[in-house]
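A structural walkthrough
Chain by chain, the residues:
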Amino acid sequence: MSKVKLAIIYYSSTGTNFQLAQWAAEGAHEFGAEVKVLKVPELAPQSVIDSNPAWKNYVEEVAVCVPTVSLSDLEWADAIIFSVPTRFGNMPSQMKQFLDTTGGLWFNGKLVNKVVSAMVSAQNPHGGQEATILSLYTTMYHWGAIVAAPGYTDPVTFGAGGNPYGTSVSVGQDGKMIEDVQAAVKHQAKRTVTVAEWVKKANQ
Ligand SMILES: Cc1cc2nc3c(=O)[nH]c(=O)nc-3n(C[C@H](O)[C@H](O)[C@H](O)COP(=O)(O)O)c2cc1C
C-alpha cells in the first residue's frame with residue numbers, strides 16, 4: 001500500500017501553531033506518512049501585524065518559508081490535521097476563509113472520507129480550546145470527513161492536559177507554551193495516520 005498522505009494545515013500569528021504543526025509532522029514522518037506542512041493565507045491588515053512584534057517577526061521570519069495551502073492539497077491528502085489559535089472560542093477567520101473556499105470540492109464529493117483531526121492553542125487554560133476544535137469539526141461533518149480525535153487512546157493525553165477532542169495548549173504572556181504537549185501532538189499525528197491507513201486499505 002502506498003504511504004498515507006498527510007496535510008498539516010495551520011494558521012498562526014505568533015508561532016505556536018507552527019510549532020504544533022512541526023511536531024505533528026515529526027510524529028507522522030516517524031510513522032511513515034508523506035507529509036506537507038501548509039499555512040493558510042494571512043488576512044489581517046499589515047498595520048495590525050506591525051503593531052505586535054511577535055506577530056511581525058513570525059510573518060517575516062517564519063511564515064515566508066512555509067508553502068501556502070491550495071485546494072489541490074486537499075484533494076492530494078488522505079488525512080488532514082488542522083492547527084489553529086482560538087479567537088473568542090472560535091477558529092480564526094483566516095482558517096474559516098480557507099474552509100469557505102472548499103464548496104466546489106465538497107459539491108463534487110472530493111472531501112468525503114478524508115481522515116481529520118485538529119489541534120488548538122489559547123492564552124488561557126480554559127479559554128475556549130474545546131469550542132474552537134468543535135467549530136472546526138462542524139465543517140468536517142459537512143465534508144463527510146472522518147474525525148479521528150485522540151480521545152484517551154494513549155496516556156500521553158492526560159499529561160498534556162487531557163483534551164480528548166484534540167491536543168490543546170495554553171500560551172503564557174511570554175509566548176511560551178505552558179503544558180508539555182509534544183508527545184500528545186505526536187500521538188495525535190500517529191492516530192490520524194493510522195485511521196487513514198485503515199480507510200485507505202478498505203478502499204483498495
Ligand atoms: C482576537 C483574538 C482573540 C483571542 N481570543 C482568545 C480567547 O477567547 N481565549 C484565549 O484563551 N485566548 C485568546 N486569544 C489568544 C490566542 O489564542 C493566542 O495568542 C494564540 O493561541 C497563540 O497562537 P499562535 O502563536 O499560533 O498565534 C485571542 C487572541 C486574539 C488576537
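Use the structure listed above.
Residues numbered from 1 in each chain as written. Predicted model: local features only at pLDDT ≥ 70, side-chain atom pairs only at ≥ 80, totals over all residues. Heavy atoms only, no water.

Attention now goes to the site of the ligand. If you check the shell around the ligand, you find 16 residues, and the closest are Ser12, Thr14, Thr16, Asn17 and Ser121. For the ligand, an oxygen atom lies 3.0 Å from a polar atom in the backbone of Thr86. Contact distances for the ligand include 3.4 Å between an oxygen atom and a backbone N or O atom of Ala122. At the level of secondary structure, the elements contributing two or more residues to the shell around the ligand comprise helix H1 (16-30) and strand S4 (115-122). Class assignment for the residues of the shell around the ligand results in three nonpolar, 12 polar and one charged. (Near = heavy atom within 4 Å. Polar contact = N/O pair within 3.5 Å; in protein donor to acceptor, adjacent residues only side chain to side chain. Helix = DSSP H or I, 4+ residues; strand = E, 2+ residues; numbered from the N terminus. Nonpolar A, V, L, I, M, F, W, Y, C, P; charged D, E, K, R; others polar.)

For the coordinates displayed, the defined rule picks out eight salt bridges. Among the ionic pairs, Glu60 bridges to Lys56, the shortest N-O distance being 2.9 Å. Taken together, the residues Glu60 and Lys56, both in helix H3 (residues 53-62) and four residues apart, mark about one turn of the helix. Residue Asp100 is joined to Lys96 by a salt bridge in which the shortest nitrogen-to-oxygen separation is 3.0 Å. In the salt-bridge network here, residues are joined through shared partners; they are Glu26, Glu30, Lys186 and Lys190. (Salt bridge = Lys/Arg side-chain N within 4 Å of Asp/Glu carboxyl O.)

Moving on to the side chain of Ser121. Within the secondary structure layout, Ser121 lies in strand S4. Ignoring any residue separated from it by four or fewer positions in sequence, one finds Ser121 in contact with Thr16, Asn17, Val84, Pro85, Thr86, Val169 and Val171. (Contact = heavy atoms within 4.5 Å.)

Running from amino to carboxyl end, H1 crosses helix H9 (residues 182-202) at an angle of 50°, the nearest separation of the two axes being 8 Å. With respect to H9, the element H1 is oriented oblique. As H1 runs across H9, the sense of the crossing is right-handed. Of H9, the residues touching H1 (which contributes Leu20, Trp23, Ala24, Glu26, Gly27, Ala28 and Glu30) are Gln182, Val185, Lys186, Ala189, Lys190 and Val193. For the contact of H1 with H9, the residue count by class is seven nonpolar, two polar and four charged. (Axes fitted to C-alpha atoms, helices over the stretch in contact; angles between N-to-C directions. Parallel < 35°, antiparallel > 145°, perpendicular 65-115°, else oblique. Left-handed = near helix turned anticlockwise from the far one by under 90°.)

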